[in-house]
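# Topology and contacts: notes
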Amino acid sequence: MSKREFITPIGEEGIYILDTASWRAARPVMNKDKCIECGICLTMCPVNAILREGPKKYFISYDYCKGCGICAYECPKKAIDMVKEGGE
Ligand code: SF4
Ligand code: SF4
């Protein structure tokens, strides 16, 4: 059995979370120039893959992001682009 089959779906904070990096088809990329640091993407992500560092610094954990695109859809400034995995 491979190591990945033993990964627990519980994160450090006890939150149900899955390591989805192996099968994600697209990844969200934040454009910091457009971002107004509102935090909506963080609240909308279904797997808590958007994290906050300091009061208003947001970033995406690609270990857990499943590439659903909800953050990009909900961002009021269109500051998140979905980019195909393995593409340019
Ligand atoms: S929703 Fe958009 S503007 Fe708001 S913090 Fe996220 S990336 Fe920035
Ligand atoms: S693409 Fe989906 S899983 Fe990934 S950060 Fe955005 S909302 Fe979360």
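These remarks concern the structure in this document.

### Quick word on the overall build of the chain
- Helix and strand counts for the chain come out as 2 helices and 4 strands.
- The order of helices and strands in the chain, counted from the N terminus, is β-α-β-β-α-β.
- For the chain, restricting intrachain contacts to residue pairs at least 6 apart in sequence, the fraction spanning at least 24 positions comes to 65%.

### Some thoughts on the site of ligand 2
- Surveying the vicinity of ligand 2 reveals 13 residues, the closest of which are C45, C65, C68, I70 and C71.
- Residues belonging to the shell around ligand 2 are distributed by class as follows: 10 nonpolar, 2 polar and 1 charged.

### Quick word on the environment of E85
- Take E85: it is sitting in the segment after β4 (80-84).
- Since 13 C-beta atoms lie within 10 Å of it, E85 is described here as partly exposed.
- Separated by 62 residues in sequence, E85 and W23 place their C-alpha atoms 9.5 Å apart.

### A look at the site of ligand 1
- Close to ligand 1 lie 13 residues; C35, C38, I40, C41 and C75 are nearest.
- In the shell around ligand 1, the residues fall into 10 nonpolar, 1 polar and 2 charged.

### Section: the pairing of strand β2 (residues 50-53)
- Alignment of β2 against strand β3 (residues 57-60), held across 4 bridges, turns out to be antiparallel. Bridge pairing in β3 places I50 opposite I60.
- Here β2 hands over to β3 after 3 residues, with G54 in that stretch at a positive phi of 75 degrees.

### Here we look at the environment of M30
- Structurally, M30 can be placed in strand β1 (residues 26-30).
- In this structure, the C-alpha to C-alpha distance between M30 and I80, residues 50 residues apart in sequence, is 4.5 Å.
- In this structure M30 touches C35, I60, A79 and I80, once residues within four positions along its chain are discounted.

### Examining the environment of V47
- Mapped onto the fold, V47 is located in the loop between α1 (40-44) and β2.
- Between the C-alpha atoms of V47 and C68, which are 21 residues apart in sequence, the distance is 10.0 Å.

### Remarks on unusual backbone geometry
- For E37, which is not glycine, the phi dihedral falls at a positive 60 degrees.
- Looking at the secondary structure, you find E37 in the loop between β1 and α1.
- Here the phi dihedral of N48 falls at roughly 55 degrees; this positive angle occurs in a residue that is not glycine.

About the criteria used
- Counting from 1, residues in each chain are numbered in the order their sequence is written.
- Following the order in which they are written, the chains are lettered starting with A and the ligands numbered starting with 1.
- Only residues with pLDDT of at least 70 are given local features in this predicted model, and only at 80 or more are side-chain atom pairs given and counted; all residues enter the totals for whole chains, interfaces and linings.
- Helix and strand assignments come from DSSP, with helices taken as H or I runs of at least 4 residues and strands as E runs of at least 2, each series counted from the N terminus.
- C-beta atoms are first placed from the backbone for all residues, and any pair lying within 7 Å is then listed as a contact.
- Contact assignment follows one rule, namely that a residue is near a molecule or strand if its backbone-placed C-beta atom lies within 6 Å of it.
- Any residue that is not Ala, Val, Leu, Ile, Met, Phe, Trp, Tyr, Cys, Pro, Asp, Glu, Lys or Arg is counted as polar, Gly included; the first ten are nonpolar and the last four charged.
- Neighbour density around each residue's C-beta defines its exposure: 20 or more other C-beta atoms within 10 Å make it buried, 12 or fewer make it exposed, and counts between make it partly exposed, where C-beta atoms are placed from the backbone.
- Here, a strand pair is defined by DSSP locating no fewer than two bridges between the strands.

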